[in-house]
Amino acid sequence: MRISKKVGLIIGAVILVVILVILFSTYSRQAGERNDLNARLSAAQTLVPVLTTQKTDLENQLAQVESSLNANKAKFPESVESIEYGEYLFEIADECNVNLNFLTFPKPTAITIGAVTYSVVSLSLPVSGELDNIFDFIEALMTDERFTSAEVTAVKIEVAGSAIINLNIYGYKG
């Protein structure tokens, strides 16, 4: 069975049209994908300078925070040496004309604030002397650079001329 020339041409034309439709469909789909990719690339290229600036800003902030952390670490001793602080306390008491009746250093405890752990020595300082001198002693504890990592937590004036001062000394635990 032989196909006539006319039928052969029609089949050939149909095959050619089908091939052209398939090619056009594939080309159209790829052109759409290319346009989508170009739009995404353009948006990404627009974001690059913004993200670069943000990265630089964040790196600068990190450097500032690390510098601040290192500066704050320097304020806190790594350990609270009872002999040194005992000498400082007696020295300040002598300068303020008060008697530090006795001094005992308890074992440090650990306190965690955020991600930072501090060792804390809580002292109870019984002092006696004139009331003005006791207040001078308290002020000296709060302003002396050797006690920048210390905090006066309570003052209890007992009888005229004597007081108990509660003092926390913080040390940084790396």
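For the structure itself, look to the data block above.
Anyway, here's the lowdown on the structure attached to this text. Everything numeric here is computed off the predicted structure, so don't read it as measured data. (Residues numbered from 1 in each chain as written. Predicted model: local features only at pLDDT ≥ 70, side-chain atom pairs only at ≥ 80, totals over all residues. Heavy atoms only, no water.)

Some thoughts on the nonpolar core
One finds L89, L125, F137, L141, F147 and L167 to be the most contacted residues of the largest nonpolar core, which totals 22 residues. Setting aside its immediate chain neighbours within four residues, L167 contacts L89, V121, S122, L123, L125, F147, A150, E151, V152 and T153. (Core = buried A, V, L, I, M, F, W, Y, C linked by side-chain atoms within 4.5 Å. Buried < 20%, exposed > 50% of the residue type's maximum accessible area, 1.4 Å probe, protein only. Contact = heavy atoms within 4.5 Å.)

Description of the side chain of N133
By secondary structure assignment, the location of N133 is in helix α3 (residues 131–143). With relative accessibility at 16%, the residue N133 sits in the buried group. In this structure, N133 is in contact with C96, N97 and V98, ignoring residues within four places of it in sequence. (Helix = DSSP H or I, 4+ residues; strand = E, 2+ residues; numbered from the N terminus.)

Re unusual backbone geometry
Phi angles above zero are rare outside glycine, and N97 is one such case at about 60°. Looking at where N97 falls in the secondary structure, it is placed in the loop between α2 (82–95) and β1 (99–100).

Looking at the pairing of strand β3 (residues 116–128)
Pairing analysis gives two bridges linking β1 to β3, with the strands arranged antiparallel. Paired with N99 across the strands is S128, a residue of β3. Linkage of strand β2 (residues 109–113) to β3, two consecutive antiparallel strands, is achieved through a turn of two residues, within which G114 is found at a positive phi near 65°. (Pairing = 2+ DSSP bridges.)

Thoughts on the pairing of β2
Counting buried positions along β2 gives zero out of five residues, so the element sits mostly on the surface. Pairing of β2 with β3 involves five bridges; the strand directions are antiparallel. Looking across to β3, one finds that T109 is bridged to V120.

As for a nonpolar patch on the surface
Among the surface-exposed residues, I3, V7, I11, I15, L16, I19, L20 and L23 lie close enough to one another that they form a single nonpolar patch of about 740 Å² accessible area. Inspection of the secondary structure puts L16 in helix α1 (residues 5–75). (Patch = residues over 30% accessible without salt bridge, like charges linked within 9 Å, V, L, I, M, F, W, Y side chains within 5 Å. Areas by Shrake-Rupley, 256 points an atom, 1.4 Å probe, with all protein chains shown as cover. Salt bridge = Lys/Arg side-chain N within 4 Å of Asp/Glu carboxyl O.)

Description of α3
Across its 13 residues, α3 extends 18 Å between first and last C-alpha, which sits within 8% of the 18 Å expected from 1.5 Å per residue. Listed as buried for α3 are N133, I134, F137, I138, A140 and L141. Axial view of α3: buried residues confined to an arc of 160°, hence all on one face. Exposed residues lying more than 90 degrees from the buried face of α3 are D132, M142 and T143. (Expected span 1.5 Å × (residues − 1). Arc of directions from axis to C-beta.)

Looking at the pattern of salt bridges
The tally for this structure, following the rule as stated, stands at three salt bridges. The salt bridge partner of K55 is E59, with a shortest N-O separation of 3.8 Å. With K55 and E59 both in helix α1 and four residues apart, the pair spans about one turn of that helix. The class of E59 is partly exposed, set by a relative accessible area of 44%. Between R146 and E91 there is a salt bridge, and its shortest N-O distance comes to 3.1 Å. Of this pair, R146 sits in the loop between α3 and β4 (150–157) while E91 sits in helix α2, and the two are 55 residues apart along the sequence. The class for R146 is partly exposed, based on a relative accessible area of 23%. Each of E91, D144 and R146 takes part in a single network of salt bridges with overlapping partners.

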